[in-house]
Amino acid sequence: MKKRYHLLLFLLVLSFCTGRSHAQGVVVVSPHGGLADVSRLSAIFLDKEGQVDAADIAAGRVTDKFKYTGKSVVNYGITMGTSWNSFRLTNTGTDRIYISIHDPMADTVRLYKVKNGHAILIGMGGNYMPIAERQVRTEDILLDLGAGPDTTTYLLSIRNSRNHVYSLNAGSLTDHIHVINHTSLLNIGFIGFALLLALYHLFLFFSIRNLPYLYYTGYVVSYGLFMAHLNGSAFLYLWPSHPEWNHYDIIFSAAIGFFSTLFTISFLDLRKHAPQYCTVAWVMAWLYVVVAIATLLGFSFAAFIFIQCIIPFGLVYTIVASLATLRKGYKPARFFLTAWSVIGLGVVIFILNNLNVIEYNFFTEHSMQIAALIECLVLSFALADRFNNYKKEKEVLMRTQNEMLEQKVAERTDELRKQQHETEQLLLNILPEEVAAELKQKGAARSRNYGSVTVLFTDFKDFTRIVESISPEQLISDLNYCFSAFDKIIEKYGIEKIKTIGDSYMCAGGFGTAVPASALNVVRAGIEIRDFMEQRNREEKARGGNVFEVRIGIHTGPVIAGIIGIKKFAYDIWGDTVNIASRMESAGETGKVNISGITYEMVKDDFRCTYRGKMPAKNKGEIDMYFAERKNGEM
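Residues numbered from 1 in each chain as written. Predicted model: local features only at pLDDT ≥ 70, side-chain atom pairs only at ≥ 80, totals over all residues. Heavy atoms only, no water.

Trainee: When you look at the overall build of the protein in this model, what are you seeing that I'm missing?
Mentor: In terms of helices and strands, the protein carries 18 helices and 22 strands. Burial analysis of the protein (635 residues in total) assigns 47% to the buried set. The long-range share in the protein, meaning contacts at least 24 apart out of those at least 6 apart in sequence, stands at 71%. If you sum the accessible surface of the protein, you get close to 33,400 Å²; carbon and sulfur atoms cover 59% of it. (Helix = DSSP H or I, 4+ residues; strand = E, 2+ residues; numbered from the N terminus. Buried < 20%, exposed > 50% of the residue type's maximum accessible area, 1.4 Å probe, protein only. Contact = heavy atoms within 4.5 Å. Areas by Shrake-Rupley, 256 points an atom, 1.4 Å probe, with all protein chains shown as cover.)

Shown next, in the form of structure tokens:
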């Protein structure tokens, strides 16, 4: 009884370990059970001579040649021929069941259903068939099994002209797409990374014109295309209607070798640091060209075998050349050596996997992609380090030669800067900033129409009498003192000085600024000028000096502004607005700021204005005039 109990327990454990996907050599596909492993339960036979067909197998004439491997991945290594897979399958659900052949490099795939000793062809795929003719358009080949609840025997032939490494899984289309999407995401991520890296280094090449960046760009692009071909992405997305192009994929491998060799020569500067390795490098580069030509001529399998041999040699050569340049003190070779050691390990694992020397798994399948990601990052650091090293050497070489020149240039630049500053300040004292900038840029300044400019005039009462009573020196001194104060006041309010004529001072605001704000600022400036003159007159009376009683007039309207002449040119304004502003000054009173009705409408809310009525203005008739004062309490 006890022995029976142990036997029952053993069978239960065995059943649990084998899972729901198979039992007694039959692949069982159940709803929501995921993909079933077909490879593990398939009987397999490799026909290298191509002398067996589906009819022979269905009739049982070659049954003794089939063997069960019990592995999820079938790996016959590098060999030509047709791999035959025989399996039985049961569908316990209602979904259509597809078998996936994870071998994007397969030339032709045929699926047969065996019934009554006959093989019936139910599906085809492979690299010889355009993507549009596939049953499902994905990187992997998917074929409809047409499976029902009855156990059915199938035959699957996979012909490959290079190496036989594949896995078979069965399940619903949804389960297949779910797995393929995950794999595609990894592939697209790698290709996207390679593309960004290539564009970045291509940009660097065009920026600094350094050849290693161009060679590295070619290497990354070739590597990306090679990996895209290996996982089927290139056929699916780049040339889906041209299956014949799949047989030229060795060109990508040759391009990888060619650009990597040129990159090695250029990056390590072998002509300088290790000239004996430079000759070997060029021989290898030409060998890769020969491989590409042989592929184009149709000798793809021979080219494939040849490149499998020279790639390991190229990796060893690159590492040895890196060590040689590193011994000579070339520091960027450190990163280069690390990068190529990593990619070398990845390539060796990939080749050993293809030769069926090591076990096939996720890591060995993606060893080149993983190594390439690490290598690309390290080589990016290597390029940056090389550029920095090159830059430092160049700086050291040129520093001595440039020191004297830089000193002379600096001295001369300082002189020119001082002269330029003095010239600009002088120009800004004569012209508005906008006009000065245009004059410097174009050599001339065009006249401008301004729709609303507020013009201010000042004049001293009885100035002719005062002139007769004082010396010329005293007169100039007094005028300079007053007008200098006026200059400071209008500068504070952003007003442009136009000119002085005798004892008259003319300025204006509103050139390119907000009209109401400019009118307010001109009136404020006028009141401040009046206050300054009153303070000055009180001080002059106290010490018996000359008193200048000022009249101020302001008007707002359109003007024309520009520069007159080519010698001793001056900025001036013209228009009826100027004339009316002058009349406002002459019709005003000393110690008052007389503004026109137009200006009043713009400033009436900010000042205390006294209406004088319509006052006569020379040649202008009667004009509304106002005396403007600060509001009570304002300073």
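Trainee: Explain helix H15 (residues 472-492) here, please?
Mentor: Given 3.6 residues to a turn, an α-helix orients residues that are three or four positions apart in the same direction. Under the 1.5 Å per step criterion, the end-to-end length of H15 is 30 Å for 21 residues, consistent within 8% with the ideal 30 Å. For H15, the full list of buried residues reads Leu 475, Asp 478, Leu 479, Cys 482, Phe 483, Ala 485, Phe 486, Ile 489 and Ile 490. All buried residues of H15 lie within an arc of 150 degrees about the axis, which places them on one face of the element. Away from the buried face of H15 by more than 90 degrees, exposed residues Glu 473, Ile 476, Lys 488, Glu 491 and Lys 492 are located. Following H15 by one or two positions, Gly 494 has its phi on the positive side, about 70 degrees. (Expected span 1.5 Å × (residues − 1). Arc of directions from axis to C-beta.)

Trainee: Just checking my understanding: could you explain unusual backbone geometry for this structure?
Mentor: Most peptide bonds take the trans configuration, and most residues that are not glycine carry a negative phi. Despite not being glycine, Asn 116 shows a phi value in the positive range, around 55 degrees. Position of Asn 116 relative to the elements: it lies in the loop between strand S9 (108-115) and strand S10 (118-125). Positioned with a positive phi, Asp 269 is a non-glycine residue whose angle comes to about 50 degrees. Position of Asp 269 among the secondary structure elements: in the loop between helix H6 (250-267) and helix H7 (270-273).

Trainee: Hey, could you run me through the pattern of salt bridges in this one?
Mentor: Where charged atoms from two side chains of opposite charge come close, those side chains can pair. In total, this model carries 16 salt bridges according to the counting rule given. Between Glu 540 and Arg 543 there is a salt bridge, with its nearest N and O atoms 2.4 Å apart. You can call Glu 540 buried: its relative accessible area is 10%. When salt bridges with common partners are traced through the structure, they connect Arg 530, Asp 531, Glu 534, Glu 629 and Arg 630 into a single cluster. (Salt bridge = Lys/Arg side-chain N within 4 Å of Asp/Glu carboxyl O.)

Trainee: I keep staring at the packing of helix H8 (residues 275-296) against helix H9 (residues 300-327) and nothing clicks. Help me out?
Mentor: When two helices pack together, their arrangement is given by the angle between the helix axes and by the axis-to-axis distance. At their nearest, the axes of H8 and H9 sit 10 Å apart, and the two run at 160 degrees to each other. What the angle tells us is that H8 and H9 run roughly antiparallel. Between H8 and H9 the crossing geometry is left-handed. Two secondary-structure elements touch here, H8 through Tyr 277, Val 280, Ala 281, Met 284, Leu 287, Tyr 288, Val 291, Ala 294 and Thr 295 and H9 through Ser 300, Ala 303, Phe 306, Ile 307, Ile 310, Ile 311, Phe 313, Gly 314, Tyr 317, Val 320, Ala 321 and Ala 324. Class assignment for the residues of the contact of H8 with H9 results in 18 nonpolar, three polar and no charged. (Axes fitted to C-alpha atoms, helices over the stretch in contact; angles between N-to-C directions. Parallel < 35°, antiparallel > 145°, perpendicular 65-115°, else oblique. Left-handed = near helix turned anticlockwise from the far one by under 90°. Nonpolar A, V, L, I, M, F, W, Y, C, P; charged D, E, K, R; others polar.)

Trainee: Teacher, can you tell me more about the packing of H6 against H9 here?
Mentor: Running from N to C, H6 and H9 cross one another at 25 degrees; their axes reach a closest spacing of 10 Å. In terms of orientation, H6 lies roughly parallel with respect to H9. Where H6 crosses over H9, the handedness of that crossing is left-handed. Residues Ile 250, Ser 253, Ala 254 and Thr 264 of H6 pack against Ser 300, Ala 303, Phe 304, Ile 307, Tyr 317 and Thr 318 of H9. Of the residues assigned to the contact of H6 with H9, the class counts are six nonpolar, four polar and no charged.

Trainee: What exactly am I supposed to notice about helix H3 (residues 173-208) here?
Mentor: Relative to the 52 Å expected for 36 residues at 1.5 Å per residue, H3 spans 51 Å between its end C-alpha atoms, a close match to the ideal helical length. Within H3, the full set of buried residues consists of His 176, Ile 180, Ser 184, Asn 187, Phe 190, Ala 194, Leu 197, Ala 198, His 201, Leu 204 and Phe 205.

Trainee: Sorry if this is basic, but what is going on with the sheet that holds strand S11 (residues 141-144) here?
Mentor: Strand pairing in a sheet takes place through backbone hydrogen bonds and is either antiparallel or parallel in direction. Pairing within the open sheet is antiparallel, and its four strands lie in the order S3-S14-S8-S11. The outermost strands of the open sheet, each flanked by one partner alone, are strand S3 (36-37) and S11. Most of the contacts of H3 go to strand S14 (residues 168-172), to which it runs at about 125 degrees, and overall it touches strand S8 (97-101), S11 and S14. (Pairing = 2+ DSSP bridges.)

Trainee: Can you help me understand empty space enclosed by the protein in this one?
Mentor: In this approach the atoms are scanned with a rolling probe the size of a water molecule, which exposes any empty space left behind. For the coordinates displayed, the defined rule picks out one cavity of 30 Å³ or more. Of the voids in this model, the largest cavity is the one considered here, and its volume is about 40 Å³. Phe 190, Ala 194, Tyr 219, Val 220, Tyr 223, Ala 372 and Cys 376 are the residues that line the largest cavity. Elements represented by at least two residues in the lining of the largest cavity include exactly H3, helix H4 (211-230) and helix H12 (367-430). For the lining of the largest cavity, the leading source of residues is H4, giving three residues. (1 Å grid on protein atoms, 1.4 Å probe; cavity = no way out; pocket = protein on both sides within 12 Å on 5 of 7 lines; lining within 4 Å. Points joined across faces, edges and corners; volume = space filled by probe spheres on them.)

Trainee: What is the right way to look at the nonpolar core in this model?
Mentor: Taken as a class, soluble globular proteins show a tendency for nonpolar side chains to be buried jointly. Counting residues in hydrophobic clusters, the biggest one holds 58 residues, and the most contacted among them are Tyr 216, Leu 270 and Ile 343. Every element with two or more residues in this core is listed here: H3, H4, helix H5 (233-237), H6, H8, H9, helix H10 (333-354) and H12. For this core, the element with the most residues is H4, which contributes nine residues. Excluding anything up to four places from it in sequence, Tyr 216 contacts Leu 197, His 201, Phe 263, Glu 375, Cys 376, Leu 379, Ser 380 and Leu 383. By size, the runner-up hydrophobic cluster in this structure holds 36 residues, among which are Phe 463, Ala 485, Ile 489 and Val 522. (Core = buried A, V, L, I, M, F, W, Y, C linked by side-chain atoms within 4.5 Å.)

Trainee: Help me understand the pairing of S11, please; the structure alone is not making it clear to me.
Mentor: Within a regular beta strand, the side chains point alternately toward one face of the sheet and then the other, so they alternate between its two faces. Burial of the side chains of S11 extends over both faces: Ile 141 and Leu 143 are buried on one face and Leu 142 and Asp 144 on the other. Pairing between S8 and S11: four bridges, direction antiparallel. The residue of S11 that forms the bridge with Ser 100 is Leu 142.

Trainee: Where do I start with the environment of Ile 265 in this structure?
Mentor: By the secondary structure assignment, Ile 265 is in helix H6. The exposure class assigned to Ile 265 is buried, which follows from its relative accessible area of 5%. In this structure the C-alpha to C-alpha distance between Ile 265 and Thr 279, which are 14 residues apart in sequence, comes to 9.6 Å. Sequence-distant contacts of Ile 265, that is, excluding residues within four places in its chain, are made with Leu 270, Arg 271, Cys 278, Ala 281 and Trp 282.

Trainee: Got a minute to help me understand the side chain of Ser 222 in this structure?
Mentor: With respect to the helices and strands, Ser 222 occurs in helix H4. Residues contacting Ser 222, with those up to four places away along its chain left out, are Phe 252, Ala 255, Ile 256 and Phe 259.

Trainee: When you look at the packing of aromatic side chains in this model, what are you seeing that I'm missing?
Mentor: Note on aromatic pairs: each is described by the distance of the centres and the angle between the planes. Tallying each qualifying case throughout the model produces 22 aromatic pairs. Aromatic pair Tyr 450 and Phe 511: ring centres 5.0 Å apart, planes at 85 degrees, arrangement edge-to-face. Of this pair, Tyr 450 sits in strand S15 (residues 448-460) while Phe 511 sits in the loop between strand S17 (504-509) and helix H16 (515-542), placing them 61 residues apart in sequence. Residue Phe 511 is classed as buried on the basis of its relative accessible area of 12%. Site record: aromatic cluster; members linked through ring pairs are Phe 460, Phe 463, Tyr 481, Phe 483, Phe 486, Tyr 505, Phe 532 and Phe 548. The ring of Phe 548 has Arg 536 lying over it, and the distance from NZ or CZ to the ring centre is 4.8 Å. One cation-aromatic arrangement involves Lys 592 over Phe 627; the distance from NZ or CZ to the ring centre is 5.6 Å. (Phe/Tyr/Trp six-rings, centres within 6.5 Å; stacked < 30°, edge-to-face > 60°. Lys NZ or Arg CZ within 6 Å of the ring centre and 35° of its normal.)

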